[in-house]
Amino acid sequence: MSIDPKIKEQLGQYRQSIDNIDAALVHMLAERFRCTQAVGVLKATHELPPADPAREEYQIERLRRLAKDANLDPDFAEKFLNFIIREVIRHHEAIAAEHSGANQNAPA
């Protein structure tokens, strides 16, 4: 079965847009994780807990509102943010563990 050249061209244009958006998402996520890594170091340095449930709840509600305004399914947006939050907390726990280990080896 052959595809109409106009349809093939339009499909290619959509796919190029999707590829560009995917690349932008990856770069934005990388930047977000650079910032959250800095937060993790700050928390570990000052012996703050890796998770902040009040902040997480605020962010989820905020993202749900943004998603609704953008005509994106708020449930999907919440699932996406929850995945990111879990990963950030995992990073913060690792940073805290590294930091506490470094403090135990420091001379008194």
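Scroll up to find the structure.
Given the structure is predicted, the values throughout are model-derived calculations rather than measurements.

A. Quick look at the overall build of the protein chain. Along the backbone of the protein chain there are 3 helices and 0 strands. In the protein chain, the succession of helices and strands from N to C terminus is α-α-α. For the protein chain, whose C-alpha radius of gyration is 20 Å, the value lies well above the compact-globule estimate of 13 Å for 108 residues. Referenced to the eigenvectors of the C-alpha coordinate spread, the extents of the protein chain come out at roughly 75 × 30 × 20 Å. Counting only residues that meet the buried cut, the protein chain has 16% of its 108 residues in that class. For the protein chain, restricting intrachain contacts to residue pairs at least 6 apart in sequence, the fraction spanning at least 24 positions comes to 62%. Just so you have it, the protein chain exposes about 8,700 Å², and 60% of that area is on carbon and sulfur atoms. Here the protein chain contributes 14 positive and 17 negative side-chain charges, whose respective centroids are spaced 4 Å apart.

B. Representation of the side chain of Glu56. Mapping Glu56 onto the fold places it in helix H2 (residues 53-69). No salt bridge forms around the buried Glu56; measuring N to O, its nearest opposite-charge neighbour Lys43 is 6.2 Å away. Not counting residues within four places of it along the chain, the set of residues in contact with Glu56 comprises Ala51, Ile85 and Ile89.

C. Examining a nonpolar patch on the surface more closely. Taken together, the side chains of Leu72, Phe76 and Phe80 make up a nonpolar region of the molecular surface, amounting to roughly 280 Å² of accessible area. Position of Leu72 among the secondary structure elements: in the loop between H2 and helix H3 (74-105).

D. Layout of H2. Spanning 17 residues, H2 covers 24 Å between terminal C-alpha atoms, matching the ideal 24 Å at 1.5 Å per step. The set of residues buried in H2 consists of Glu56, Gln59, Ile60 and Ala67. Projected down its long axis, H2 shows its buried positions confined to an angular sector of 100 degrees, all on one face. More than 90 degrees from the buried face of H2, the exposed residues found are Ala54, Glu57, Lys68 and Asp69.

Cut-off values and rules
- Residues numbered from 1 in each chain as written.
- Predicted model: local features only at pLDDT ≥ 70, side-chain atom pairs only at ≥ 80, totals over all residues.
- Heavy atoms only, no water.
- Helix = DSSP H or I, 4+ residues; strand = E, 2+ residues; numbered from the N terminus.
- Rg over C-alpha atoms; globule rule 2.2 N^0.38 Å.
- Buried < 20%, exposed > 50% of the residue type's maximum accessible area, 1.4 Å probe, protein only.
- Contact = heavy atoms within 4.5 Å.
- Areas by Shrake-Rupley, 256 points an atom, 1.4 Å probe, with all protein chains shown as cover.
- Lys, Arg positive; Asp, Glu negative; His and termini not counted.
- Charge placed at Lys NZ, Arg CZ, Asp CG, Glu CD.
- Salt bridge = Lys/Arg side-chain N within 4 Å of Asp/Glu carboxyl O.
- Patch = residues over 30% accessible without salt bridge, like charges linked within 9 Å, V, L, I, M, F, W, Y side chains within 5 Å.
- Expected span 1.5 Å × (residues − 1).
- Arc of directions from axis to C-beta.

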